[in-house]
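Single-letter residue listing:
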Amino acid sequence: LRELLRVGLPQGLGDFLDVATFLVFFAIVGRQGVVALAASNIGAQVSHLLFMPGMAVGIAVSSYVGRFLGGLRPDHARHSVYRGMLLAVVYMGSMSLPLFFLGEPIARLFTDNPAVIAQSGLMFKVMAFYQVFDAIGMVLRGALYGAGDTLFVSVVLGAMSVGVMLPATWLMALWIDPPLVGAWMGAS
């Protein structure tokens, strides 16, 4: 039970903090008005759809790393991380292309409001730029989880979320027009 808590508690707290950070992010976006919030909701739905396979690769890498490290094969563990990283980066990198070039048509699948479509198109361009970095983060997070190092991941995730992402979101939403683009730039 102690080992389960040593690994599971930091991971659970880190995942909770990740979700809580985005709750605050949406509170910041919501203060910018209904159009920004509607566009962000569209962005969240599309983003969740796109990163699920990347997250699945991160989970698979976690499993392989744990298995290979447990079998005293760190070379295989490292190789599985590199292969998973390549797969996730290629997939999520290719998903960034429709986000960048087809943002407004994607938004039209959700709404016919021209203001929401226009802001969504701009927001999708920002989202396109962080897809590859999101893939790298998911795979490395999975690799460290598989190695049993959940505390480091959670501490870094917490520090970056509270110390970087939220202040950057708030400040860039103030400095960049439209504020929605600034908020998503800060979050990325």
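What you see is a predicted model; the values in this text were computed from it and never measured. (Residues numbered from 1 in each chain as written. Predicted model: local features only at pLDDT ≥ 70, side-chain atom pairs only at ≥ 80, totals over all residues. Heavy atoms only, no water.)

1. Some words on the overall build of the chain
As a reminder of what qualifies: To qualify as a helix, a DSSP run of H or I must reach at least 4 residues; to qualify as a strand, a run of E must reach at least 2; elements of each kind are numbered from the N terminus. The globule rule is 2.2 Å times the number of residues to the power 0.38, and the radius of gyration it is compared with is taken over C-alpha atoms. When checking whether two residues touch, look at their non-hydrogen atoms; a contact exists if any pair is within 4.5 Å. For every accessible area listed, the method is Shrake-Rupley and the probe measures 1.4 Å; residues are considered covered only by the protein chains on display. The charge count includes Lys and Arg as positive and Asp and Glu as negative, but it does not include His or the ends of the chains. Taken as the charge centre is NZ of Lys, CZ of Arg, CG of Asp or CD of Glu, depending on the residue.
The secondary structure content of the chain amounts to seven helices and zero strands. In sequence order, the secondary structure elements of the chain are arranged as α-α-α-α-α-α-α. The C-alpha radius of gyration computed for the chain amounts to 18 Å, which stays within 12% of the reference 16 Å derived for 188 residues, consistent with globular compactness. Overall size of the chain, expressed as C-alpha extent along the three principal axes, is 55 × 30 × 25 Å. A separation threshold of at least 6 residues defines the contact pool for the chain, and within that pool the share at least 24 residues apart is 72%. About 10500 Å² of surface is accessible on the chain, with carbon and sulfur atoms providing 73% of the total. Each charge class in the chain was averaged separately, 10 positive and 9 negative side chains, and the resulting centres sit 9 Å apart.

2. Focus: the environment of Ser154
Note on placement: Ser154 falls in helix H6 (residues 150–175). Considered as a pair, Ser154 and Gly14 are 140 residues apart in the sequence and their alpha carbons are 4.4 Å apart. Residues within four places of Ser154 in sequence aside, it is in contact with Pro10, Gln11 and Gly14.

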